[in-house]
Amino acid sequence: MTGAARPAGTWVRDLSRADRFLLVLVGAHVAITVAVFLQISHGPLVGDETAYVNGGKALSNLVRDWGSLRAPDGAEVAQNVVGSGWFMPGMSVLLTPLYLVAPHADGAVLRGYIGVTTTLVFLLTVLRVRRSWGALYAGALLVVPGLVPVWAAFSLAAWGDLLAGILIVLLLVELVELSRSLRSGQAPSLGDGVRLGLLAIAVVYLRSSTSLLVAGLGLVSVVAALALLRGVERRRAALSATVAALAFVALLLPWSVGASMTLDGRVVTTTSVPTVLANTFGDRDQVCFGPCDPGSTTWFSPLRYSRETARVTGHSEMDVAEQMSAYARQGVTSRSYSHDVLVDLRSYVREPERFYGYLRADPDQDRAQDVVIERSTRVLVWAAFAVGVGLLICVVRRPREDQVISILLKLSLGALLTQPFVHIAGPRYWTTAAPVLGLAAALLIRQAALRFAPGLTGPGSQDAITGAEIALGRWLTLFQALLSAGVILVATVVVVLATTP
Amino acid sequence: MSSGDVRRALRERSATWPVVLVAGVFVVMAVAGQSFGRAEPTGSYRPPLVADTLRLGCYPLPDGVTLDFPYVVRSDSDAVTAAGERRLLVLHWSLLDLDQVRERLREAFTRSGFEVTGRSASGTELVMTRSEPGGGSTRAAARFTMLDNRSPDPIVRGVVELDLPVVALSSGNADCANPFVTKRFAQDR
């Protein structure tokens, strides 16, 4: 560090005004996270957090056994890491070092560990965005989700949704840099391919419902590379894409194979989709070829039925669940489906602060700080949703890089918003989309600034005016228009179908 | 070397070092992890699946009757009927047609002394009776309903409702206190 010899504080004065502002936002984010930590550190584990924690503990024992050259406890790993194949083990892997060092760590230590890890990853991501896309995007991230108190609460919790959302930003940064090299006629290197593949699989390991996003972005990138490059560069790009896919598959396979062998059936990512569809769109009284056992959840009761049936028939519990789901969904019509999608969308949007109530130690009494935390979350997240709507329907015409960012953000948000179309939505899923919405806010602000204050141009706004760039610009505009039209069409069809008798 | 080359070289080196560092820390932790004791996962998201109520003998079928077709118990309850207090045991059967299941069920009951004393024309209802040594008789009835499972290779096929004499809890097995095993839900007052 060169700053060591200079008087303390000088480096702050060397920073640009924008960077000083970013630093203030970083401070605010950390302060909010610490404040929220103090509210929830003695609260309970909520819902599926238990599954991830059990997975982390079992993995730590597995590593212990490796370290001492003992035979690992396969049954413990099967029961706690694979479980019923409902969750990819990304968060469990993340928790493994904690339980390796502190096998009996309590809730506060757990929340602290997750909080420190998540905050580090978030701040490194912000730094990466600042370097690549500029201070405006970094600042926007530090506001949404950085200043959203309940997002801070989730950053202390063991669900993978939030961390997946942060890694999606890193993936988007990589893809924008890829677009830069494609526009200059250069293929990505093999190293770039590996990095993309690893990032993509990390996102999926943390939250498997992001598979569509990862697949969609991957497909669009490959098509763009093949369309924009020629000759040797095109072949190199194809090779990089293959390497990316191989890296992705190589890391997915241990899970898929392990889970398939444990559950004696085919598992690619997770097994929960059939039951999810049945519970979301089907007749809940028919999920177990009739009502499921009372006294348990809509997840565990169908699971027990499928396991019991699998045991006596020799079929896999996944095959049974598949047929249970189809049976429960026999009465689904386009109207009932659309109606359920709207219900899901409502639950996705309505109470973004709800989980704070579950995570708190004393949910019965509302203190002043709880009201502040909940209200400010609602205001910020609803504003972010409004930005999301703006993003989905806007068409950016210049500069090229903003067009690329617009497309990537639209695809990402669109893919994340498929959740209410396939899954009972809850007030947790927005945490994955929040960083995308923050970046979208920056894009819209930039576009507004370009229109109303053209003097304020940031990096990438001066495009080379070549024939190829102009043609590319047209394609990027057209693609955005198609995406926006698609969103409007889907929204209209769903509303019309749900409301017509 | 241009500044770009330097940056690239740094980047490549910086890509290797973290990997080596993480691997090193991992090995140290794996070895040191012994001394802190083992973690204790609860396994609560995948509780072990114990045998069903009939196999455990919590609430058995009439003396000697064992079913030899793939079934799961769905509910088990006692109710006062016109014929006095009776037990209603509902099973889902898999993989077999209605006729096959009816035959297997009939065989299971006749093996332990029951005789078919009634049968609906459609073959979906069966009444079986056994004379007991001390006089009197035991009556069991079964009603079969096919499920509309339209999957190409249907697993779960139908429902058997068994009308049986009431039986008391007959096993001290701790799992027999678990309603998810006995499927006696409404009765657990």
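The model shown is predicted, which means the values in this text are computed figures rather than measured ones.

A short note on the overall build of chain A
No. 1: Regarding its fold elements, chain A presents 22 helices and zero strands.
No. 2: Compactness check: chain A gives a C-alpha radius of gyration of 24 Å against a globular reference of 23 Å for 501 residues, within 12% of the reference.
No. 3: Taking the principal axes of its C-alpha atoms as reference, chain A extends roughly 70 × 60 × 50 Å.
No. 4: Sorting the 501 residues of chain A into buried and exposed places 45% on the buried side.
No. 5: For chain A, the proportion of contacts with a sequence separation of at least 24, taken over those separated by at least 6, is 80%.

What about the sheet that holds strand β5 (residues 137-146) of chain B?
Residue and element names in this part refer to chain B.
No. 1: Pairing is antiparallel in the open sheet, where six strands are placed in the order β1-β2-β6-β5-β4-β3. The open sheet is flanked by β1 (71-81) and β3 (115-119), the only strands paired with a single partner. Each adjacent strand pair in this sheet contributes to an overall mean axis angle of 20 degrees, direction not counted.

What about the interface of chain A and chain B?
No. 1: Chain A puts 41 residues into the contact, and the matching count from chain B is 35 residues.
No. 2: Those elements giving two or more residues to the side of chain A that touches chain B turn out to be α3 (49-67), α4 (74-82), α5 (90-101), α14 (300-313) and α15 (317-328) of chain A.
No. 3: With eleven residues, the top contributor of residues to the side of chain A that touches chain B is α3 of chain A.
No. 4: Classifying every residue of the side of chain A that touches chain B by side-chain character gives 16 nonpolar, 16 polar and nine charged.

A look at helix α22 (residues 467-499) of chain A
All names here are of chain A.
No. 1: In this model α22 runs 48 Å from its N-terminal to its C-terminal C-alpha over 33 residues, within 8% of the 48 Å that 1.5 Å per residue would give.
No. 2: Looking at α22, one finds that the buried residues are Leu472, Leu476 and Gln480.
No. 3: The inward-facing, buried residues of α22 contact α9 (161-183) and α19 (400-416).

Some thoughts on the pairing of strand β4 (residues 125-131) of chain B
Residue and element names in this part refer to chain B.
No. 1: Across the two faces of β4 the burial differs, with Leu126, Met128 and Arg130 buried and Glu125, Val127, Thr129 and Ser131 not buried at all.
No. 2: One ladder, built from four bridges, connects β3 with β4; its direction is antiparallel. Note on β4: the bridge partner recorded for Gly118 is Val127.
No. 3: Following β3, the chain reverses through five residues before pairing antiparallel with β4; Gly123 in that reversal takes a positive phi of roughly 80 degrees.

Examining helix α12 (residues 231-263) of chain A
Spacing of three or four residues puts side chains on the same side of an α-helix, whose turn is 3.6 residues.
Residues and elements named next belong to chain A.
No. 1: With 33 residues, α12 extends 47 Å between its outermost C-alpha atoms, agreeing within 8% with the 48 Å of an ideal straight helix rising 1.5 Å per residue.
No. 2: Within α12, the axis deviates most sharply at Leu252, by approximately 35 degrees, and proline Pro254 lies no more than four positions further along.
No. 3: Restricting attention to buried positions, one finds in α12 the residues Ala237, Ser240, Ala241, Val243, Ala244, Phe248, Trp255, Ala259, Thr262 and Leu263.
No. 4: For α12, the elements touching its buried residues are α4, α10 (190-206), α11 (211-228) and α15.
No. 5: Positioned one or two residues after α12, Asp264 has a phi angle of 60 degrees, which is positive.

Points about the environment of Leu105 of chain B
All names here are of chain B.
No. 1: Here Leu105 is to be found in helix α3 (residues 98-111).
No. 2: Sequence separation between Leu105 and Val65 is 40 residues; the distance between their C-alpha atoms is 9.3 Å.
No. 3: In this view, Leu105 contacts Leu67, Ala142 and Val160; residues no more than four positions away in its chain are not counted.

Digging into the environment of Thr96 of chain A
Residues and elements named next belong to chain A.
No. 1: Within the secondary structure layout, Thr96 lies in helix α5.
No. 2: Judged by the 25 C-beta atoms lying within 10 Å of it, Thr96 falls in the buried class.
No. 3: Distance in space between the C-alpha atoms of Thr96 and Lys57 is 6.4 Å, their sequence separation being 39 residues.
No. 4: Beyond its immediate stretch of four places on either side in the chain, Thr96 contacts Gly56, Leu59, Ser60 and Val63.

Considerations on the confidence of the model for chain B
Residues and elements named next belong to chain B.
No. 1: Per-residue confidence for chain B gives a mean pLDDT of 90, with 90% of residues at or over 70.
No. 2: Averaged pLDDT values for the elements of chain B fall to 73 in helix α1 (residues 3-32) and rise to 98 in strand β6 (residues 156-165).
No. 3: If you check the scores for this complex, the pTM reads 0.92 and the ipTM reads 0.90.

Quick word on the pairing of β1 of chain B
Residue and element names in this part refer to chain B.
No. 1: Alignment of β1 against strand β2 (residues 84-94), held across ten bridges, turns out to be antiparallel. Note on β2: the bridge partner recorded for Tyr71 is Trp93.
No. 2: The hairpin formed by β1 and β2 contains two residues between the paired strands.

Remarks on the nonpolar core
Residue and element names in this part refer to chain A.
No. 1: Counting residues in each nonpolar core, the largest one holds 139 residues, and the members touching the most others are Ala153, Leu167, Leu171, Val203, Met324 and Leu439.
No. 2: The element best represented in this core is α9, accounting for 14 residues.
No. 3: If we skip the residues at most four places from it in the chain, Val203 touches Ala164, Leu167, Ile168, Leu171, Thr210 and Val214.

A few points about unusual backbone geometry
All names here are of chain A.
No. 1: Going from Val144 to Pro145, the amide bond is cis rather than trans, its omega being 10 degrees.
No. 2: Looking at where Pro145 falls in the secondary structure, it is placed in the loop between α7 (135-143) and α8 (149-154).
No. 3: For the bond from Arg398 to Pro399, the omega torsion is -15 degrees, close enough to zero to count as cis.
No. 4: With respect to the secondary-structure elements, Pro399 resides in the loop between α18 (368-393) and α19.
No. 5: Phi angles above zero are rare outside glycine, and Asp264 is one such case at about 60 degrees.

A look at the packing of α9 of chain A against α19 of chain A
Residue and element names in this part refer to chain A.
No. 1: It is the contact of α9 with α19, at a shortest axis distance of 10 Å, that shows an interaxial angle of 140 degrees. The orientation of α9 relative to α19 falls into the category oblique. Of the two elements, α9 crosses α19, and the hand of that crossing is right-handed. Facing α9, whose interface residues are Ile168, Leu172, Leu175, Val176, Ser179 and Arg183, α19 presents Arg400, Glu401, Val404, Ile405, Leu408 and Ser412.

Conventions used here
- Residues numbered from 1 in each chain as written.
- Chains lettered and ligands numbered in written order.
- Predicted model: local features only at pLDDT ≥ 70, side-chain atom pairs only at ≥ 80, totals over all residues.
- Helix = DSSP H or I, 4+ residues; strand = E, 2+ residues; numbered from the N terminus.
- Rg over C-alpha atoms; globule rule 2.2 N^0.38 Å.
- Buried ≥ 20, exposed ≤ 12 C-beta atoms within 10 Å, placed from the backbone.
- Contact = placed C-beta atoms within 7 Å.
- Pairing = 2+ DSSP bridges.
- Axes fitted to C-alpha atoms, helices over the stretch in contact; angles between N-to-C directions.
- Nonpolar A, V, L, I, M, F, W, Y, C, P; charged D, E, K, R; others polar.
- Expected span 1.5 Å × (residues − 1).
- Bend = angle between axes of the 7 residues up to and from the residue.
- pLDDT = per-residue confidence, 0-100.
- Core = buried A, V, L, I, M, F, W, Y, C linked by C-beta atoms within 7 Å.
- Parallel < 35°, antiparallel > 145°, perpendicular 65-115°, else oblique.
- Left-handed = near helix turned anticlockwise from the far one by under 90°.

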